[in-house]
Amino acid sequence: MISKRIQNMIPSATLEQAAKIAELKNQGIQIIGFNVGEPDYNTPTNIIQKAEEAYHLGLTKYTPAAGMVALREVICQKFRKEYGLDYAPKEVLVSAGAKQSLTNALMAIVDPGDEVIILTPCWVSYLEMVKLAEGVPVLVPLEENDGFRLDVAKIRKNISEKTKAIIINSPNNPTGAVYSKEDLRQLGQMAVEHDFYIISDEIYEFLVYEGEKNVCVAALSPEIKEKTITINGMSKAYAMTGWRIGYAVGPTQIIKGMADYQGNTTTSPNTPAQYASIEALANSQESVEMMRAEFDRRRRYILERINAMKNIHCSIPKGAFYVMPNVSYFYGREYKGLTVNNSLDLANYLLEEAKIAVVTGAAFEAPDNIRISYSNSMENIEKGMDRLEAALSKLK
Ligand SMILES: Cc1ncc(COP(=O)(O)O)c(C=O)c1O
C-alpha cells in the first residue's frame, strides 16, 4: 500500500498537463504552447562548452554534498556584486534545481505541525513541499485588484505561535508581480519581530521589466538576512532547466542542515553542470539581457492584445514570463453544447477549440484565472492570440 504521504500529494499540475499536450502533438495536432514554464531558448554555447570540457577532463565524479567550493565561491561573488551581500561558501548550498533547494530548506526548518505561510496565487509545488515536510500550509490570498501586491497587513493577521516560515516568490510565478522594497522591508521586520523565516524564491530575479529591479530581501538589513533563506537557480536566467542546478544562501546552521539532508538523499548535484554554472554566473551576462529584452517585447504585445479583447482582463505583470487574465466572465457560457463552468473547463475548451495550451489557475490557487506563458516565439504568440480571441468570442 502506498504511503499516506504520497496518497495526500497532488501531482504537479503543470507537468501532468505537459504530458497530455505531448500526447496530442504526437497525434500530429499542432498546439501552441502557452503552458510552458521554461525559457524557449537554448543554453548559451559558452556554458555548454564548459560542461563538455568537464566531461572530457574526467570531471565526472561526486563533489561535496553542498556543491563544489569553486561554484559556491562564484555564488558568493554574485550576491556581493548584485546586492552588496556577504556570504561565505559554508552559507551556500548547490542542489539539483531550485526545487530541491526549496525542499531541503523546508525539511531543515519545519517540524510536524509548524505553520508555513504561502501567498496565493502560488507556484504549484510549494503546498506539496510543505505537506511533505509535515508542515501546515496557511494560505493567504493576495488581491488581483491590487496587482497581487505583497499585503503585509494581511500576512500579519495570519501569524500565529506556530508560524515557522513564509514562502515568497518575487518576481512571481504565476502572477508576474514584483514586490516593492518597502513592502519587503516590512515583511522582513515582521519576520525578525515574530521569529520566523522567509524563504525567498528569487528564481526570476533577472526577468523584470519597466525599470523594476529584483529586491533581495536578505539585503534589507543584517537582522533580516539572519531570518532569510534565498533560493535561486540557473533554470530561468540561463535557459538551463534540464541541467538541474539551483542554489540557496542563508544562515550557516540551516545551510548545513540542508546539506546534510541532501547528502543523505541525493549526494551531490550533477558535476559537469556545476562547471557549466560557474561559467554562466562568472562570465558574460549578455545572453541574460538579450532574453529579458525579448521577453519584454512579447509581454507588451500579449498584454495589448488581451486587454483589447472583450470580457477578459489582465493585471500588468512586471516580472517573470507569465500573464494571468481573469476569465470568470465566461463561466456559465457555452459553445456547441459544452458549458464552461470553471477555469479548467476553459483551458480544456481552448485546447480543443483553439489548439492553444494554457494552464488553469486552479493549479495555482487562482480559480478565476488562466496562466499564459509568453515563453514562445513572437510568431506563435501572434497566432495564438488570434486563436484565443476567436475562441472566446464563440462562447455565448
Ligand atoms: C517559482 C519557481 N520556483 C522554482 C522553480 C523550479 O526551478 P528549478 O528548475 O531550478 O528547480 C520554478 C520552475 O518553474 C518556479 O517557477
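Residues numbered from 1 in each chain as written. Predicted model: local features only at pLDDT ≥ 70, side-chain atom pairs only at ≥ 80, totals over all residues. Heavy atoms only, no water.

The name given to the chain in an unreviewed UniProt entry is Aminotransferase, and the organism recorded there is Anoxynatronum buryatiense. Taken directly from UniProt, the Sequence similarities (unreviewed entry) text for the chain runs: "Belongs to the class-I pyridoxal-phosphate-dependent aminotransferase family." Word for word, the UniProt comment on the chain under Cofactor (unreviewed entry) is "pyridoxal 5'-phosphate". (UniProt positions renumbered as here; feature names shortened; annotations may be inferred.)

A. Structural detail: the sheet that holds strand β13 (residues 359-360). Here 3 strands make up an open sheet; going across it, the order is β9-β14-β13 and the pairing antiparallel. Each having just a single partner strand, β9 (322-323) and β13 make up the two edges of the open sheet. (Pairing = 2+ DSSP bridges. Helix = DSSP H or I, 4+ residues; strand = E, 2+ residues; numbered from the N terminus.)

B. Here's a closer look at the packing of aromatic side chains. Tallied over the full model, the rule gives 12 aromatic pairs. Here the aromatic rings of Y204 and Y322 are separated by 5.8 Å at their centres, their planes lie at 80°, and the arrangement is edge-to-face. Of this pair, Y204 sits in the loop between β6 (197-201) and α9 (222-226) while Y322 sits in strand β9, and the two are 118 residues apart along the sequence. An aromatic cluster of three or more residues is present, and its members are Y41, Y204, F295, F321, Y322 and Y374. Across from the ring centre of F79, 5.8 Å away, lies the NZ or CZ of K78, which sits over that ring. A cation over an aromatic ring shows up here: R333 above the ring of Y329, its NZ or CZ 4.0 Å from the ring centre. (Phe/Tyr/Trp six-rings, centres within 6.5 Å; stacked < 30°, edge-to-face > 60°. Lys NZ or Arg CZ within 6 Å of the ring centre and 35° of its normal.)

C. Looking closely at the site of the ligand. Inspection of the region around the ligand gives 13 residues, with A98, N173, D201, S235 and K236 positioned closest. Separating an oxygen atom of the ligand from a side-chain N or O atom of W123 is a distance of 3.5 Å. Across the shell around the ligand, the residue classes break down as 5 nonpolar, 4 polar and 4 charged. (Near = heavy atom within 4 Å. Polar contact = N/O pair within 3.5 Å; in protein donor to acceptor, adjacent residues only side chain to side chain. Nonpolar A, V, L, I, M, F, W, Y, C, P; charged D, E, K, R; others polar.)

D. Representation of helix α11 (residues 271-282) within the structure. Taking 1.5 Å as the rise per residue, α11 with 12 residues should run 16 Å; its terminal C-alpha atoms sit 17 Å apart, in good agreement. Most of α11 sits out of view: 10 of its 12 residues are buried. Buried residues of α11: T271, P272, A273, Q274, A276, S277, I278, E279, A280 and L281, and no others. Packed against the buried residues of α11 are α3 (45-56), α4 (69-83), β2 (92-95) and β8 (246-249). For α11, the N-terminal capping position is held by N270, with its side-chain oxygen 2.8 Å away from the main-chain nitrogen of A273. (Expected span 1.5 Å × (residues − 1). Buried < 20%, exposed > 50% of the residue type's maximum accessible area, 1.4 Å probe, protein only. Contact = heavy atoms within 4.5 Å.)

E. Here's a closer look at the environment of E212. Among the secondary structure elements, E212 is positioned in the loop between β6 and α9. We classify E212 as partly exposed; its relative accessible area is 29%. Between the C-alpha atoms of E212 and P171, which are 41 residues apart in sequence, the distance is 9.8 Å. Once residues within four sequence positions are removed from consideration, E212 is found in contact with V178 and K318.

F. Inspection of unusual backbone geometry at higher detail. The omega angle of the peptide bond from S170 to P171 is -10°, so this bond is cis rather than trans. Looking along the chain, the bond that leaves N173 and enters P174 is cis, with omega of 20°. One non-glycine residue with positive phi stands out, namely A239, at about 50°. With a phi close to 55°, K355 is a non-glycine residue in the positive phi region.

G. A look at the UniProt feature "domain: Aminotransferase class I/classII large" (unreviewed entry) in the chain. UniProt tags residues 30-388 as "domain: Aminotransferase class I/classII large" (unreviewed entry). In the segment residues 30-388, helix accounts for 40% and strand for 16%; the C-alpha atoms at its two ends are 15 Å apart.

H. How the structure looks around the pairing of strand β14 (residues 370-373). Across the two faces of β14 the burial is the same, with I370 and I372 and R371 and S373 all buried. Pairing analysis gives 2 bridges linking β9 to β14, with the strands arranged antiparallel. Across the sheet, V323 pairs through a bridge with I372, a residue of β14. Where β13 lies against β14, 2 bridges are found, and the strand directions are antiparallel. Bridge assignment links V359 to a residue of β14, and that residue is R371.

I. Geometry of the environment of A390. Along the polypeptide, A390 turns up in helix α14 (residues 378-394). A C-alpha to C-alpha distance of 9.8 Å links A390 and M309, two positions 81 residues apart in sequence.

J. Inspection of the packing of α3 against α11 at higher detail. Relative to each other, α3 and α11 sit at 145°, their axes nearing to 8 Å. Between α3 and α11 lies a crossing of right-handed hand. In this structure, α3 contributes N46, I47, K50, A51, A54 and Y55 to the contact, and α11 contributes P272, Y275, A276, E279 and A280. For the contact of α3 with α11, a count of residues per class yields 8 nonpolar, 1 polar and 2 charged. (Axes fitted to C-alpha atoms, helices over the stretch in contact; angles between N-to-C directions. Left-handed = near helix turned anticlockwise from the far one by under 90°.)

K. Representation of the nonpolar core within the structure. Of all hydrophobic cores here, the largest spans 73 residues; its most connected members are I199, I306, L346, L350, I372 and M385. Here this core gathers at least three residues from each of two domains, domain 1 (4-42 + 287-394) and domain 2 (62-282). Excluding residues that lie within four positions of it along the chain, I199 makes contacts with L102, A105, L106, I109, A165, I166, I167, I168, I229 and I231. Judged by nonpolar contacts, the second largest core, of 29 residues, contains C76, V94, A218 and Y238. (Core = buried A, V, L, I, M, F, W, Y, C linked by side-chain atoms within 4.5 Å. Domains from an automatic or database assignment.)

L. The environment of E143, seen in detail. As for its placement among the helices and strands, E143 is situated in the loop between β4 (136-141) and α7 (152-157). On the accessibility criterion, E143 (40% relative accessible area) is partly exposed.

M. Region of the structure containing α3. Its 12 residues place the ends of α3 16 Å apart at the C-alpha level, agreeing with the 16 Å of an ideal helix rising 1.5 Å per residue. The complete set of buried residues in α3 reads I47, A51 and A54. Summarising the axial view, the buried residues of α3 lie within an arc of 55°, below the 170-degree limit, and thus occupy one face. The exposed residues of α3 that point more than 90 degrees off its buried face are T45 and H56. Among the residues trailing α3, G58 stands out with phi positive, at a value near 75°. (Arc of directions from axis to C-beta.)

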